[in-house]
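If you want the building blocks of each chain, they are given just below.
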Amino acid sequence: MGELIVMNHPLIQHKLTILRKKETGSKDFREIVREMSALMGYEVTRDLETEEVEIETPLTKTVGKKISGKKVAVVPILRAGLGMVDGVLSVVPGARIGHIGMFRDPDTLNPVTYYCKLPKDISERTIILLDPMLATGGSLVAAIDELKKLGAKDIRSLNILAAPEGIEVVQKSHPDVDIYVGSVDDYLDEHGYIIPGLGDAGDRLFGTK
Ligand SMILES: O=P(O)(O)OC[C@H]1O[C@H](OP(=O)(O)OP(=O)(O)O)[C@H](O)[C@@H]1O
Ligand SMILES: O=c1cc[nH]c(=O)[nH]1
Ligand SMILES: [Mg+2]
């Protein structure tokens, strides 16, 4: 079973509370998603491999560490995942970036894929999949299906909020994928919205409602 990591860091929780507030406008919402994503990016990269390297300081020789092993690819699920890219890149600036475009049909709640462009060597990279919202899990499962079809083997998901129903769906379909979340909320309403949630992340990020 994939691990579920709830990031209870006080800074992450403080920022999440601001995101949830209905009076937080798009400018602040975008800024806080970016800040939270940097903090979450720090957690999601905690187990990246390192190797020792000999270096020279201005005073002496010493041994330091550098990231080794697989390189990273950051893959936002459009649109809302785009809001998380800059924050994560602030901690892994050398990562390649792929894009998966997807929206959820409002009637069926099924994901519809409209775009996919990924780095060629996706099978050799650690993939950090970004989407602020994990609701029914349909979008995340479809995105992981697509990545695996193209050879991806090491995938982790970074989500600001998740519903218990969606986590279960993803863990059943893709037990090898670890899920990092800011909070596991209570339930999904009849329209598939996370409760208490923060509303529609894409609309709040881009001011489209
Ligand atoms: O877990 P699920 O039930 O699949 O729902 C989650 C998806 O819904 C939202 O996208 P949306 O369809 O609103 O598209 P947008 O990002 O363009 O706003 C969200 O950003 C996720 O991608
Ligand atoms: O609560 C939700 C559910 C899906 N997508 C969102 O943006 N918000
Ligand atoms: Mg949306």
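Residues numbered from 1 in each chain as written. Chains lettered and ligands numbered in written order. Predicted model: local features only at pLDDT ≥ 70, side-chain atom pairs only at ≥ 80, totals over all residues. Heavy atoms only, no water.

Caption draft 1: Structural detail: the packing of helix α1 (residues 10-20) against helix α2 (residues 26-44). Contact pair α1 / α2: the axes reach a minimum separation of 10 Å and the direction vectors enclose 155 degrees. Relative to α2, α1 is oriented roughly antiparallel. Both α1 and α2 take part in a crossing whose hand is left-handed. When α1 is examined against α2, the residues L11, I12, K15, L16, I18 and L19 are found in contact with a partner set consisting of F29, I32, V33, E35, M36, L39 and M40. (Axes fitted to C-alpha atoms, helices over the stretch in contact; angles between N-to-C directions. Helix = DSSP H or I, 4+ residues; strand = E, 2+ residues; numbered from the N terminus. Parallel < 35°, antiparallel > 145°, perpendicular 65-115°, else oblique. Left-handed = near helix turned anticlockwise from the far one by under 90°. Contact = heavy atoms within 4.5 Å.)

Caption draft 2: Region of interest: unusual backbone geometry. L78 connects to R79 through a cis peptide bond whose omega is -10 degrees. Relative to the helices and strands, R79 is located in the loop between β4 (71-78) and α3 (82-89). For the bond from I195 to P196, the omega torsion is 0 degrees, close enough to zero to count as cis. Of note, P196 is situated in the loop between β13 (194-195) and α6 (201-206). In the Ramachandran plot, L109 falls in the positive-phi region, its phi being about 65 degrees despite a non-glycine side chain. When you line up the elements, L109 lands in the loop between β6 (99-104) and β7 (111-117).

Caption draft 3: Just the site of ligand 1, in detail. In the vicinity of ligand 1, 16 residues are found, and the nearest of them are R79, R104, D131, T136 and S139. In the model, an oxygen atom of ligand 1 is placed 2.8 Å from a nitrogen or oxygen of the R79 side chain. At 2.5 Å from an oxygen atom of ligand 1 is found a side-chain nitrogen or oxygen belonging to S139. Isolated, ligand 1 exposes 500 Å² of accessible area, and the fraction of that covered by the protein chains is 90%. Mapped by element, the contributors of at least two residues to the shell around ligand 1 are β6, β9 (133-134) and α4 (138-149). Per-element accounting of the shell around ligand 1 gives the leading share, 3 residues, to β6. (Near = heavy atom within 4 Å. Polar contact = N/O pair within 3.5 Å; in protein donor to acceptor, adjacent residues only side chain to side chain. Areas by Shrake-Rupley, 256 points an atom, 1.4 Å probe, with all protein chains shown as cover.)

No statement about biological role is implied by the geometric values presented.
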